[in-house]
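Observations on the three-dimensional arrangement
Listed here are the chains, written in short residue letters.
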Amino acid sequence: MLLFKVVTVVIAVSGKVVQHVLVAHCCQQDRKLSTQYRKDCCIPYRHKLLPYIRGKLAWTDISTMQLRTFSKFNRGIVYCNAAPSATIIPSADKGAFLKLQNGSDIRGVAVDGVEGEPVTLTEPVTEAIAAAFAAWLLNRKKPDPSKPLKVSIGHDSRISAQKLQLFALWSKGLQDFLSWKRVLGDELSGCSISRASSAGVDVIQYGLASTPAMFNSTLTKSEDFLCPVDGSIMITASHLPYNRNGFKFFTDAGGLGKVDIKDILERAADIYKNFTDEGLREAERKAAQSVKRVDYMTVYTSDLVAAVRKAAGNVERPLEGFHIVVDAGNGAGGFFAGKVLEPLGAITSGSQFLEPDGLFPNHIPNPEDKEAMRAITQAVLDNKADLGIIFDTDVDRSAAVDSSGRELNRNRLIALMSAIVLEEHPGTTIVTDSVTSDGLTTFIEKKLGGRHHRFKRGYKNVIDEAIRLNSVGEESHLAIETSGHGALKENHWLDDGAYLMVKLLNKLASAKASGVGGGSKVLTDLVDGLEEPGVAVELRLKIDQNHADLKGGSFREYGEAVLQHLANVVNSDPKLQKAPLNYEGVRVSGYGGWFLLRLSLHDPVLPLNIEAPSNEDAVKLGLAVLAAVNEFKALDTSALNKFVQV
């Protein structure tokens with residue numbers, strides 16, 4: 001049985017520091033690492049605020065958690081790794097830490113119970129990673145000893161956000177470390193701060209937050225909100241299943257890159273080796289000494305509201321009369337309806353799945369997911385809304401649906417954002433990922449008068465390429481992926497799903513201010529003329545890493561050999577033409593369409609994208625790929641075989 005010892009903390013301070021914090025210690029009756037509890041969800045008891053008494057904290061202990069049926073969907077059992085901090089620390093080498101790297105993010109398994117997926121983000125591992133980021137930050141910033149660094153931390157709605165502990169600052173030998181202490185509670189919209197002044201770092205803990213807001217906290221200038229911070233940590237695993245979690249890191253220069261993440265994980269492995277049970281308990285003790293709460297999301301949402309009002313000529317309620325529904329997918333984006341749209345005058349009735357639920361019972365919070373897009377489309381049609389908006393779990397991706405139910409995601413969203421940006425910056429370069437369509441290129445370059453620079457998959461790759469182009473004199477104002485990640489130069493190159501939607505709202509508001517009506521038609525008209533394929537598929541060809549055909553080599557080496565062989569075959573086929581400029585995989589045109597075979601950034605998989613005017617043409621492209629790769633026995637071509645019906 002899982003028990004939580006919940007302590008209510010109340011602090012009376014001035015300014016914007018308000019509310020209370022629930023500090024919880026997980027403990028288990030049987031002291032085992034895996035504790036079983038209902039998948040329906042665990043909701044803590046709500047607590048009344050305690051009085052502030054003579055400058056001291058008032059405490060009360062409540063020794064249980066209420067189990068409540070939170071969803072009628074997907075009832076079952078999951079497991080929560082909720083070992084107490086006194087648990088013996090398991091061994092983990094540097095290789096185990098490096099496996100947590102996912103490009104410019106860190107991701108792992110945080111909740112037990114899924115067969116074949118052991119927990120990799122344990123509490124000590126989490127602490128070591130946070131400590132490593134603090135050490136990395138202290139090394140990079142080289143702060144004035146009289147002015148401590150500030151680090152903010154927030155999380156999305158995942159159930160393991162409450163498990164990943166957030167400890168106070170502590171020191172180990174000559175190295176300054178951060179460790180983190182868990183903060184639990186119903187009211188997750190604020191943040192708390194725990195400080196150990198001797199180490200020179202203030203740790204600002206945000207509750208439920210969005211990834212873009214966390215980056216924003218490095219830029220905001222406000223003493224009331226303890227900003228700007230020097231670094232920021234977001235606990236999230238985007239749209240991945242409920243048992244996963246991870247970390248994204250920011251400074252005022254943006255998100256950290258692959259090299260920095262590797263550095264942090266290597267530091268974390270070294271820090272982890274020096275952990276002791278006694279040291280962890282001491283860090284936990286220090287963490288409970290001082291806790292405050294700041295509602296930073298108020299700052300972030302106010303900025304979004306101000307941007308729309310400015311676009312409409314400083315009108316207070318520029319969206320008056322518009323009916324806009326939001327689907328947050330039970331992630332962190334539920335704020336957008338009440339904190340952004342309603343203050344602007346929009347009607348938001350019919351919005352759905354706004355309440356955070358880390359089991360994601362309704363659909364995956366992912367703008368690329370077909371079920372998710374069907375859900376927001378149906379909400380728009382059922383409510384006769386002007387526009388629908390959908391976010392991923394941590395709100396760094398988004399998509400929209402117009403009043404007719406037409407999805408504005410993937411290539412259409414890129415086309416729409418390109419039209420908006422090229423109105424503001426004629427001739428600018430639009431940087432996208434590698435799987436965008438040929439029709440999009442024609443639309444951007446022939447109709448809009450811009451330049452389409454197709455680069456690699458990976459939102460950080462796309463953003464960094466746009467920044468690089470600007471540095472060498474080629475103007476670029478938009479970097480955007482088909483996944484829904486989109487970053488603008490005007491917004492500090494932050495991939496912010498909410499800000500992308502604000503750009504759409506700006507068009508609605510400015511059109512209304514100019515006397516142009518028609519609901520979302522002003523947006524739909526902007527993508528008129530975009531050529532779209534009759535067939536578009538993505539197939540995943542997996543590499544069996546245990547197959548003898550690899551001959552002891554890595555899956556990456558094997559995948560590169562597959563791509564090189566395909567390129568050679570294409571060069572000898574007069575019906576196929578390899579793209580003259582390509583940054584990832586092998587992209588080939590033919591039969592009125594195109595295909596791209598590339599190696600996954602992180603997994604032993606070769607994704608194959610095919611777009612063509614008809615299914616017959618798409619099959620011809622698929623057969624060309626199959627003929628070239630069939631000799632590679634470690635490559636599972638079953639998905640491709642099924643598509644071409646071989």
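Residues numbered from 1 in each chain as written. Predicted model: local features only at pLDDT ≥ 70, side-chain atom pairs only at ≥ 80, totals over all residues. Heavy atoms only, no water.

You'll find the protein chain entered in an unreviewed UniProt entry as phosphoglucomutase (alpha-D-glucose-1,6-bisphosphate-dependent), with Sesamum calycinum given as the organism. Comment text from UniProt for the protein chain, heading Subunit (unreviewed entry), reads "Monomer." (UniProt positions renumbered as here; feature names shortened; annotations may be inferred.)

Structural notes on the overall build of the protein chain
Broken down by element type, the protein chain carries 16 helices and 32 strands. Relative to its 646 residues, the protein chain shows a buried fraction of 57%. Taking the contacts inside the protein chain whose residues are at least 6 apart along the sequence as the reference set, 69% of them involve residues at least 24 apart. About 26600 Å² of surface is accessible on the protein chain, with carbon and sulfur atoms providing 49% of the total. (Helix = DSSP H or I, 4+ residues; strand = E, 2+ residues; numbered from the N terminus. Buried < 20%, exposed > 50% of the residue type's maximum accessible area, 1.4 Å probe, protein only. Contact = heavy atoms within 4.5 Å. Areas by Shrake-Rupley, 256 points an atom, 1.4 Å probe, with all protein chains shown as cover.)

Brief notes about the sheet that holds strand β26 (residues 494-495)
Across the sheet, which stays open at both edges, the 5 strands sit in the order β23-β22-β24-β25-β26 with mixed pairing between neighbours. Looking at which strands have only one partner, the edges of the open sheet turn out to be β23 (451-454) and β26. Pairing of strand β25 (residues 486-488) with β26, which is carried by 2 bridges, proceeds in the antiparallel orientation. Looking at the pairing, Ala487 lines up with Asp495 of β26. (Pairing = 2+ DSSP bridges.)

Observations concerning the packing of helix α6 (residues 297-311) against helix α12 (residues 497-513)
At a minimum axis distance of 8 Å, the contact between α6 and α12 shows a crossing angle of 30°. Between α6 and α12, the crossing angle belongs to the class labelled roughly parallel. Here α6 and α12 pass one another in a crossing that is right-handed. In this structure, α6 uses Tyr300, Leu304, Ala307, Val308 and Ala311 to contact α12, whose residues at the interface are Ala498, Tyr499, Val502, Leu505, Asn506, Ala509 and Ser510. In terms of residue class, the contact of α6 with α12 is built from 10 nonpolar, 2 polar and no charged. (Axes fitted to C-alpha atoms, helices over the stretch in contact; angles between N-to-C directions. Parallel < 35°, antiparallel > 145°, perpendicular 65-115°, else oblique. Left-handed = near helix turned anticlockwise from the far one by under 90°. Nonpolar A, V, L, I, M, F, W, Y, C, P; charged D, E, K, R; others polar.)

A few points about α6
Between its first and last C-alpha, α6 extends 22 Å over 15 residues, near the 21 Å set by a 1.5 Å rise per residue. In this structure, the buried residues of α6 make contact with β14 (201-208), α3 (211-216), α7 (335-341) and α12. A positive phi of about 80° marks Gly313, the residue just after α6. (Expected span 1.5 Å × (residues − 1).)

Side note on the sheet that holds strand β18 (residues 324-327)
Within a sheet, each strand pairs with its neighbour through backbone hydrogen bonds, oriented either parallel or antiparallel. Strands sit in the order β18-β19-β20-β21 across an open sheet of 4 strands; the sheet is mixed. Two strands close off the open sheet at either side, each with one partner strand: β18 and β21 (407-408). Both β18 and strand β19 (residues 387-391) contribute to a ladder of 4 bridges, which runs parallel. Bridging across to β19, Asp327 finds its partner in Ile390.

Some details on the pattern of salt bridges
Counting across every chain of the model gives 28 salt bridges. Among the salt bridges present, the one from Lys460 reaches Asp464, with a minimum N-O distance of 2.9 Å. Placement of the pair is Lys460 and Asp464 together in helix α11 (residues 459-471), with a separation of 4 residues, close to one helical turn. Among the charged side chains, a salt-bridge network with shared partners connects Glu368, Asp392, Arg397 and Arg410. (Salt bridge = Lys/Arg side-chain N within 4 Å of Asp/Glu carboxyl O.)

With respect to the packing of helix α2 (residues 123-141) against helix α4 (residues 258-273)
Running from N to C, α2 and α4 point in directions that differ by 120°, and their axes come no closer than 8 Å. Of the possible angle classes, the one that applies to α2 and α4 is oblique. Of the two elements, α2 crosses α4, and the hand of that crossing is right-handed. In contact with Pro124, Val125, Ala128, Ile129, Ala131, Ala132, Phe133, Ala135, Trp136, Asn139 and Arg140 of α2, α4 contributes Asp260, Asp263, Ile264, Leu265, Arg267, Ala268, Ile271 and Tyr272. Looking at side-chain class alone, the contact of α2 with α4 contains 14 nonpolar, 1 polar and 4 charged residues.

Focus on the environment of Lys503
Within the secondary structure layout, Lys503 lies in helix α12. On the accessibility criterion, Lys503 (4% relative accessible area) is buried. Taking the C-alpha atoms as reference, Lys503 lies 9.8 Å from Leu304; in sequence the two are 199 residues apart. Discounting residues that sit within four places of it in the chain, Lys503 has contacts with Met417, Ile420, Glu424, Leu488 and Glu490. Here the side chain of Lys503 touches Glu490 through a polar contact of 3.1 Å, side chain to side chain. (Polar contact = N/O pair within 3.5 Å; in protein donor to acceptor, adjacent residues only side chain to side chain.)

Considerations on the nonpolar core
With 71 residues, the main nonpolar core has Leu319, Ile324, Phe336 and Leu505 as its most contacted residues. The next biggest cluster of nonpolar side chains, apart from the first, holds 36 residues, and it includes Tyr558, Leu599, Val619 and Phe632. (Core = buried A, V, L, I, M, F, W, Y, C linked by side-chain atoms within 4.5 Å.)

Overview of the confidence of the model for the protein chain
Looking at the protein chain, the pLDDT average stands at 81 and 78% of residues meet or exceed 70. Considering only residues more than four positions removed or in separate chains, one finds that residues 1-87, a stretch of pLDDT under 50, has 195 contacts. (pLDDT = per-residue confidence, 0-100.)

Section: the packing of aromatic side chains
The final tally for this structure, using the stated rule, is 12 aromatic pairs. Their ring planes at 15° and their centres at 6.0 Å tell us that Phe133 and Trp136 sit as a pair that is stacked. Taken together, the residues span about one helical turn, with Phe133 and Trp136 both in helix α2 at a distance of 3 residues. Neither Phe133 nor Trp136 differs from the other in exposure class; each is buried. For the ring pair Phe247 and Phe249, a centre distance of 6.2 Å and an interplane angle of 15° mean the geometry is stacked. (Phe/Tyr/Trp six-rings, centres within 6.5 Å; stacked < 30°, edge-to-face > 60°.)

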